[in-house]
Amino acid sequence: MYTIRCRSCRQTVTDETFRTSCPSCGGGLEFAYPDAAWKPEANSRTMWRYKDLLPVRPHELLVTLSEGGTPLDRPVLYPDIDLYIKDETRNPTGSHKDRAMSIAVTKAVTFGRDTVMLESDGSTALASAAYAARAGLRSIVVVGRGVPDYRLLPLVVYGSHILEYQGTPAQALDWVHEVCRKLDIYETSTFRLANPYTMEGPKTIGYEIYEQLGRAPDWIVVPVGGGATLEGIGRAFADLHAWGKVGRRPRMAGVLTRGYDMLNEALQRGIASDDELRAMAPDPGPETIQVKIAMTYAPDGLEAMAAVRDSAGCFVSVSDPEALAAQQVLGKLGIYAEPSSAVALAGVEKLRSMKHIREGESVVAVVTGSGFRETGTLAGRVQCQRTPVDAACGVAVIDNLLGR
Ligand SMILES: [Zn+2]
């Protein structure tokens, strides 16, 4: 079994109704699994292989699209480091968010809810829409102004209602949170104070890395938007360390978008409160193609900072040209990552050239989302050269292409 407790006052909270925060002090909620042991389910290849370590009972109600169980590739890219790619593009809606949403929507069903809602125009929106569809729940997705149609059309296919909020993304996020509370609608945003259950998804990435590698790597490099993914993967290795499975924890490196480096600055300055973090938000942030991670305010930023600090890790920031270059490198390995996820590899490159990652060290880059959902961002940025051919000249063109 598991228990739920407040991270601030340590009060235990029951799991009979959906709560987003501590009823006494408003603090964030976390889960504990006092009797759980490391015993992955041998006949499951999805993330539910770790079901005893996830806050869902009974297991008969699972809402699953076979998320998790993604490959850990070992490409030969650098002669001096031992690099692995955790390929999260292989999830049902093309991103790691499916892990969080399988848990969140399962809980919605357990609590007898009929509607889910969130603010997102990215991976979380797709995942929420898909899992709601699978569970037969109504889905409302609130997006910002001017989001391109190509990013929203899959939501239509999944049967979601799309609302376009007339304000900034930060205002939309607050509005959705308030409306969900007021109207008693189940919120599927993936940060702790919106839906604590979603926080348990990313840790399964960490458990899988451990099983696939058979040990802890020296580094794990993760794109950071809201902060929950890095925090969860770090927590998985804290669990494994506590169970005596690994001798030490990996150093966690968070990759930020250039111009959205608030967490790095906050870490240097020793910022310890959410209000201070909010005050650092650029308004508006610079234009970028790293749309999935360029957040002006990171709701779980303090937790991500703690995971980085406690593991002797660091943050690095990546520009759009560096993200596009990394996308091309991954493409040559047969992995089509969106720019916001290719930054994991750009981050490795940067840490390696800065000598943070040293010769012989093992590094896992977590490539969080598929490029197939973001091909629209490449228009005008990547040359799409077409060579005209016909029956008369085609063979000569191919000969020329092959250097014959
Ligand atoms: Zn409390």
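Scroll up a little and you will see the structure.
What comes next is a walk through the structure. (Residues numbered from 1 in each chain as written. Predicted model: local features only at pLDDT ≥ 70, side-chain atom pairs only at ≥ 80, totals over all residues. Heavy atoms only, no water.)

**Notes on the overall build of the protein chain**
Counting its secondary structure elements, the protein chain contains 12 helices and 13 strands. Taken over C-alpha atoms, the radius of gyration comes to 21 Å for the protein chain, in line with the 22 Å a tight globule of 404 residues would show. Every one of the 404 residues in the protein chain was classed for burial, and the buried ones make up 55%. For the protein chain, contacts bridging at least 24 residues in sequence account for 69% of all contacts bridging at least 6. As presented, the protein chain carries roughly 17,800 Å² of accessible surface, and 50% of it is formed by carbon and sulfur atoms. (Helix = DSSP H or I, 4+ residues; strand = E, 2+ residues; numbered from the N terminus. Rg over C-alpha atoms; globule rule 2.2 N^0.38 Å. Buried < 20%, exposed > 50% of the residue type's maximum accessible area, 1.4 Å probe, protein only. Contact = heavy atoms within 4.5 Å. Areas by Shrake-Rupley, 256 points an atom, 1.4 Å probe, with all protein chains shown as cover.)

**As for the packing of aromatic side chains**
This model, assessed by the stated rule, comprises 15 aromatic pairs. Here Trp38 and Tyr50 contribute two aromatic rings whose centre-to-centre distance is 5.6 Å and whose plane-to-plane angle is 25°, an arrangement assigned as stacked. Pair noted here: Trp38 is in the loop between β3 (29-32) and β4 (72-73) and Tyr50 is in the loop between β3 and β4, with a separation of 12 residues, a long-range link. In this pair, the class of Trp38 matches that of Tyr50, namely buried. Taken together, Tyr2, Phe18, Phe31, Tyr33, Phe111, Tyr186 and Tyr197 form an aromatic cluster joined through their ring pairs. A cation over an aromatic ring shows up here: Arg278 above the ring of Tyr297, its NZ or CZ 4.2 Å from the ring centre. (Phe/Tyr/Trp six-rings, centres within 6.5 Å; stacked < 30°, edge-to-face > 60°. Lys NZ or Arg CZ within 6 Å of the ring centre and 35° of its normal.)

**Points about the pattern of salt bridges**
A pair can form between side chains of opposite charge whenever their charged atoms are brought close. One pass over the full model with this rule turns up 35 salt bridges. Arg74 is the salt-bridge partner of Asp82, the closest N and O atoms lying 2.8 Å from each other. In this structure, Arg258 engages Glu322 in a salt bridge whose closest nitrogen and oxygen atoms are separated by 3.7 Å. Here the residue Arg258 occupies a position in the loop between β11 (251-257) and α7 (262-269), and Glu322 occupies one in helix α10 (residues 320-331), the gap between them amounting to 64 residues. Since its relative accessible area comes to 41%, Arg258 is described here as partly exposed. Given a relative accessible area of 29%, Glu322 falls into the partly exposed group. (Salt bridge = Lys/Arg side-chain N within 4 Å of Asp/Glu carboxyl O.)

**Quick look at the coordination of the zinc ion**
For a metal with four tetrahedral donors the ideal donor-metal-donor angle is 109.5 degrees, while six octahedral donors give ideal angles of 90 or 180 degrees. Bound to the zinc ion are the protein donor atoms Cys6 (SG), Cys9 (SG), Cys22 (SG) and Cys25 (SG), situated 2.2 to 2.4 Å from the metal. In primary sequence terms, the donor set of the zinc ion follows C-x2-C-x12-C-x2-C. Here the residue Cys6 occupies a position in strand β1 (residues 3-6), and Cys25 occupies one in the loop between β2 (12-13) and β3, the gap between them amounting to 19 residues. (Donors = N, O, S within 2.8 Å, 3.2 Å for Na, K, Ca; no water.)

**A short note on the pairing of strand β7 (residues 138-143)**
Summarising burial for β7: five of the six residues are buried, a large majority. As paired elements, strand β6 (residues 115-119) and β7 share five bridges and run parallel to each other. Within the sheet, the bridge partner assigned to Met117 lies in β7 and is Ile140. Handedness of the crossover joining β6 and β7 through helix α2 (residues 123-135): right-handed. Where β7 and strand β8 (residues 161-164) come together, four bridges link them in parallel fashion. If you follow Val141 over to β8, its bridge partner there is Ile162. In this fold, the crossover linking β7 to β8 by way of helix α3 (residues 149-157) has right-handed handedness. (Pairing = 2+ DSSP bridges. Right-handed = clockwise from strand over helix to strand, strands pointing away.)

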